[in-house]
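# Observations on the three-dimensional arrangement
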Amino acid sequence: MSTFKEKQASIIADFEVFDDWMDKYELIIELGKEIEGIIPAKRNDRQLIEGCQSRVWLDSSFSDSVMNFSADSDAIITKGIIALLIKVFNGEKPETIIKEELFFIKEIGLQEHLSPTRANGLLGMVKRMKMDALKHV
Amino acid sequence: MISTPDYIHDIRADFPILQTKIHNKPLVYFDNAATTQKPKIVIDRIRDYYENENANIHRGVHHLSQVATQDYENARSRIQKYIGAAKSEEIIFTKGTTDGINLVASSFGALLKEGDEILISAMEHHSNIVPWQLLADSKKLQLKVIPIHKDGTLIMDAFDQLLSEKTKLVSITHISNTLGTINPIESIISKSHAVGAKVLIDGAQSIQHGDIDVSSLNCDFFVFSGHKIFGPTGIGVLYGKEKLLEEMPPYQGGGDMIKNVSFEKTTFNELPFKFEAGTPNIIGGIALGTAIEYIESIDRKSAFDYEKTLLEYAEKELLKIEDVQVFGNSSEKTSLVSFNVGSIHPFDLGTLLDKQGIAVRTGHHCTQPLMDFYNIPGTIRASFSIYNTVEEVDLFLDALRRAITVLS
Ligand SMILES: Cc1ncc(COP(=O)(O)O)c(C=O)c1O
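Thresholds, definitions, all that
- Residues numbered from 1 in each chain as written.
- Chains lettered and ligands numbered in written order.
- Predicted model: local features only at pLDDT ≥ 70, side-chain atom pairs only at ≥ 80, totals over all residues.
- Heavy atoms only, no water.
- Near = heavy atom within 4 Å.
- Polar contact = N/O pair within 3.5 Å; in protein donor to acceptor, adjacent residues only side chain to side chain.
- Areas by Shrake-Rupley, 256 points an atom, 1.4 Å probe, with all protein chains shown as cover.
- Nonpolar A, V, L, I, M, F, W, Y, C, P; charged D, E, K, R; others polar.
- Core = buried A, V, L, I, M, F, W, Y, C linked by side-chain atoms within 4.5 Å.
- Buried < 20%, exposed > 50% of the residue type's maximum accessible area, 1.4 Å probe, protein only.
- Domains from an automatic or database assignment.
- Contact = heavy atoms within 4.5 Å.
- Pairing = 2+ DSSP bridges.
- Helix = DSSP H or I, 4+ residues; strand = E, 2+ residues; numbered from the N terminus.

All names here are of chain B. Near the ligand the following residues occur: Thr97, Thr98, His125, Ser127, Thr173, Asn177, Asp202, Ala204, Gln205, Ser225, His227 and Lys228. For the ligand, an oxygen atom lies 2.5 Å from a polar atom in the side chain of threonine 98. A distance of 2.7 Å separates an oxygen atom of the ligand from a polar atom in the side chain of serine 225. Burial of the ligand by the surrounding chains reaches 84%, relative to a free accessible area of 400 Å². Split by residue class, the shell around the ligand holds 1 nonpolar, 9 polar and 2 charged.

What follows concerns the nonpolar core. Residue and element names in this part refer to chain B. The biggest cluster of nonpolar side chains holds 138 residues, and the ones touching the most others in it are Ile83, Phe339 and Phe396. Residue contributions to this core reach at least three from each of two domains, namely domain 1 (6-30 + 299-407) and domain 2 (43-296). Sequence-distant contacts of phenylalanine 339, defined by excluding residues within four places in its chain, comprise Leu318, Val324, Gln325, Val326, Phe327, Thr379, Ile380, Phe396 and Leu400. Core analysis: the next-biggest nonpolar cluster, separate from the first, contains 24 residues, Trp132, Leu141, Leu238 and Met248 among them.

Attention now goes to the pairing of strand E2 (residues 55-63) of chain A. Residue and element names in this part refer to chain A. One ladder, built from 3 bridges, connects strand E1 (residues 48-50) with E2; its direction is antiparallel. Looking across to E2, one finds that glutamate 50 is bridged to arginine 55. In sequence, E1 turns back onto E2 through a hairpin of 4 residues. Pairing analysis gives 8 bridges linking E2 to strand E3 (residues 66-73), with the strands arranged antiparallel. Across the sheet, residue tryptophan 57 finds its bridge partner in E3, namely aspartate 72. Count of turn residues in the E2/E3 antiparallel hairpin: 2 residues, of which aspartate 64 carries a positive phi of about 50°.

Structure follows, in structure tokens:
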């Protein structure tokens, strides 16, 4: 089991091989298609994080002293970034999620997706992941 | 095949930002409905003002203040003539379209009474919806909405039915920022006047695509933003008929808008200053004047016609791409195209277009009720201006095809 830091480092390595933006996004889209997400029938308003451009649904659970998340979006690029965030956050202790630095987004150049003006629901999602973790410390 | 005429290349050369590279690709700027780029003379004017002229206006006896005041008022006169207003007193400087609509909602709204009706349309920008909702709530007015057909045109029969003696104001966009539809405002204005209603025209989009003559239109109010006609942000114009503006109470209180202040009684300044409280956006006004000067200096008739050719070409080529659905199919349409591709989310396409240097707008374009009408989360909107080229349309189409391949 790799650590929070190691998981992020491995994602950064996956992206480092591309210098063309379109290739990076192809990988993100691939990841977005692969994760299970939350099927529309199972989505509810409690999970919804309304963005101006795209919408995000987030579900979280806590067992065996670690957090687990599933999430979805109506936009596939948003969903791809969700897949990355979930890879990093899942199976981590609430304390880790709250305290440890989330650096891979910036490193691979996707910080625009987490800026408050981007309004795709992702910033709200990360905040909610941390809030949910906070309930279990 | 069409090609970009030389005079368009000449116009293009006046806009420094168009040489920019985005992600190492030449910028293709197709977000002109959101804001237009600025020609060098506007940029130079702003710099020159701060380097050589800066002073407060309408207040100082000193030289700089007089020069600045003169330039500001000259800009007002230039704008007055450009939009065909009878007097410069009818030109109120505002922060922009939104500010102009809010001014009218507040000051004209003060003259309205419970039960009076205001008519807007289903294709309005949020800034021509929300101020009226706020007013309707506080003064118990009725806000009614003219519905639209699927092709993005107004249902004029419904307008005829909604219009009555109770209607005090019809506030409607000249051109839809989401669909490109050019509304039949001449007929709307004459029918509204026939029942005694006043008409506000939201000219945010129309100001950059053709000549406006408020006198022959005979509208009561006309609002637009400087930044959508090659001028700076933070400045806009409210045109209002003198008689109406005289009847309306001031919007905000402060310096400049008063004649005499005492604790017993304050008297207000005359038009247009009655509606311009506080130190205004001086350079905004002056530079907007320069932007108008720029438009007057080019062959704008040809440029506006060319924009239409560009739209026709873009739409024709776009529709060759599988599953493209265009929203807004009015025969009277300005140079923007709003579309979706199959079930691909507009945000995904917009993101991949950006990575290829193409600036388009995605989302609801501040017209959420319109998105609800079409039952979509948003669209991709490419909006053209007089400096865009045929080659840019081709780059955009190539980038779009590549994005679709990646997303399918
Ligand atoms: C039709 C229409 N009305 C109003 C506005 C608001 O303009 P501003 O934000 O400059 O006040 C816009 C700008 O997007 C518009 O397109």
